[in-house]
Amino acid sequence: MGGRVEYEPASAKELLVELKDTAELLVDLSFSAVLHGSDDVAEEVLRLEERMDVLQLRARMTLLMAARSPEDAESLAPVLGVVAATEKMSDAAGDIAKVVREDVGLPDAMRAALPEAAESLVRAELAADSKYADRTLGDVDLETATGVRVIAIRREGHGEGGAGTSSDWLPNPDRETTLRAGDVLLLRGPETGVAAVFETATGVAYDRPAAAEPDVEDLGRAVDSVVLMKNMSELAVDLAYGAVLFDDDGLAAEVVELEAEVDALKSRFEAWTLRAAADVPDPVSLRGLVHIATATEVISDAAVEISEGVLRGLDTHIVVQEAVEASDEVVVRVPVEADSVLAGTTLGDERVKTQTGMRVVAVRRGDSPDEAEAWVVEPGPETAVRPGDVLLAKGTRSGAEKLRALAA
């Protein structure tokens, strides 16, 4: 546990943006730790959770100091709700990571749930003699050369007050960020690219853990349910912060729909797990799976809490408006009109990402009578786009306008 956290003047805008970035990173890393069976990534989640505890306290102190009238209190209440919900999310992500770190019990079939095209996420400590050391990310240009992104950096011992200060974590390093020997890099990208970058960064060969196929059919279904819960919860978090930062009641409504889907999936998961328990040699080995499903449901519930102020029609406080101005990324929902360029094509046909710079993170089917097919989470180039669909996408403001034009 960290030491005493005292109030110090800070920008509420910067704290809110950092809370958002850190929470999204926590959820991402915790699920990656499970799916990739990585103790190293799980350890980084627990370190980042400690950082989040400090951020939450500082945010509360700053927001309380900002309330000078009943009107301020009314408009700040939803923002404090965002901080409280973020704390729940952070704790849930920590619980997921502990399943890996503490060997609570997890079936090997979790590895088999990774699709062939899934990106890998690994932790790499930068060696002093690596060719990346003392160079900027722009100079190294990893993503262009290898397809690998540095999604976060942990820099030990460079914060103003030691561990837990804001300088220790760089959740969104940019092209100007210099890589230093001893930095812990969190790398995401295709398997071959990650292996090459890991070896160049560390000087150590990359060892990919082998996947195991589920030998119990009901267990495979239970694992599939958890993975879909994971995808929907991560999407709900993205949309919830987008709803708050951009005061978008359409995005907030999508969060509620996703939370209902996660609840339904949790019920199915429980049924499959109970049936699988009768057939696996050691039912206790399913305990970790149950922990993950429970924590995942907490994350989706927290996403609804984050967007509650928008759902209730409360005015956005000035600190949130300032955070909007500081945010480079937007999350948008774009309905597909019947006579649009996109209708009746695929995301790949129209090269949506190339043309607009927007990444479509989900498609909600407007005409699907089947609840199980109502959402396409993590769509690919082959995903069909139909009239009446709603595209949920992340990217720049200018890219969002281009996507709207394609769908109009």
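Please refer to the structure higher up on the page.
Residues numbered from 1 in each chain as written. Predicted model: local features only at pLDDT ≥ 70, side-chain atom pairs only at ≥ 80, totals over all residues. Heavy atoms only, no water.

Moving on, we come to the overall build of the chain. Summing up its helical and strand segments, the chain has 14 helices and 10 strands in all. For the chain, the residues scored as buried account for 51% of the 408 residues in total. For the chain, the proportion of contacts with a sequence separation of at least 24, taken over those separated by at least 6, is 80%. Roughly 18700 Å² of accessible area belongs to the chain as shown, and the carbon and sulfur atoms make up 48% of that amount. (Helix = DSSP H or I, 4+ residues; strand = E, 2+ residues; numbered from the N terminus. Buried < 20%, exposed > 50% of the residue type's maximum accessible area, 1.4 Å probe, protein only. Contact = heavy atoms within 4.5 Å. Areas by Shrake-Rupley, 256 points an atom, 1.4 Å probe, with all protein chains shown as cover.)

Spatially, β5-β10-β7-β8 is the arrangement adopted by the 4 strands of the open sheet, whose pairing is antiparallel. Lying at the two open borders of the sheet, with one neighbouring strand each, are β5 (330-335) and β8 (375-377). Adjacent strand axes in the sheet meet at a mean angle of 20° when their direction is disregarded. Sheet topology note: the β5/strand β10 (residues 390-395) ladder contains 6 bridges and is antiparallel. Of the residues in β10, the one forming a bridge with Val330 is Gly395. Contacts between helix α8 (residues 217-245) and the sheet are confined to β5, β7 (359-364), β8 and β10, with β8 contributing the most and set at about 90° to the helix. (Pairing = 2+ DSSP bridges. Axes fitted to C-alpha atoms, helices over the stretch in contact; angles between N-to-C directions.)

Topologically, Ser90 is positioned in helix α3 (residues 70-101). Judged by relative accessible area, which is 2%, Ser90 ranks as buried. Leaving out residues up to four positions away in the same chain, Ser90 has contacts with Leu26, Glu49, Met52 and Gln56.

Let's shift gears to helix α7 (residues 191-202). Over its 12 residues, α7 extends 16 Å from the first C-alpha to the last, a length consistent with the 16 Å expected when each residue adds 1.5 Å. Structurally, α7 contributes buried residues whose contacts are with β1 (120-125), α6 (142-146) and β4 (184-189). Looking one or two residues past α7, Gly203 carries a phi angle of roughly 80°, positive in sign. (Expected span 1.5 Å × (residues − 1).)

Another aspect to go through is the pattern of salt bridges. For the structure shown, the criterion picks out 21 salt bridges. Residues Glu297 and Lys266 are paired through a salt bridge, measuring 3.0 Å at the closest nitrogen-oxygen approach. Here Glu297 is found in helix α10 (residues 287-306), whereas its partner Lys266 is found in helix α9 (residues 249-277), with 31 residues between them in sequence. Note on Lys266: relative accessible area 10%, which makes it buried. One salt-bridge network, held together by shared partners, links Lys20, Asp21 and Glu24. (Salt bridge = Lys/Arg side-chain N within 4 Å of Asp/Glu carboxyl O.)

A word on the pairing of β10. β10 sits mainly inside the fold: 6 of its 6 residues count as buried. Burial of β10 is two-sided: the residues Val390, Leu392 and Lys394 facing one way and the residues Leu391, Ala393 and Gly395 facing the other way are all buried. Here β7 pairs with β10 via 5 bridges, running antiparallel. Counterpart to Arg364 in the pairing with β10 is Val390.

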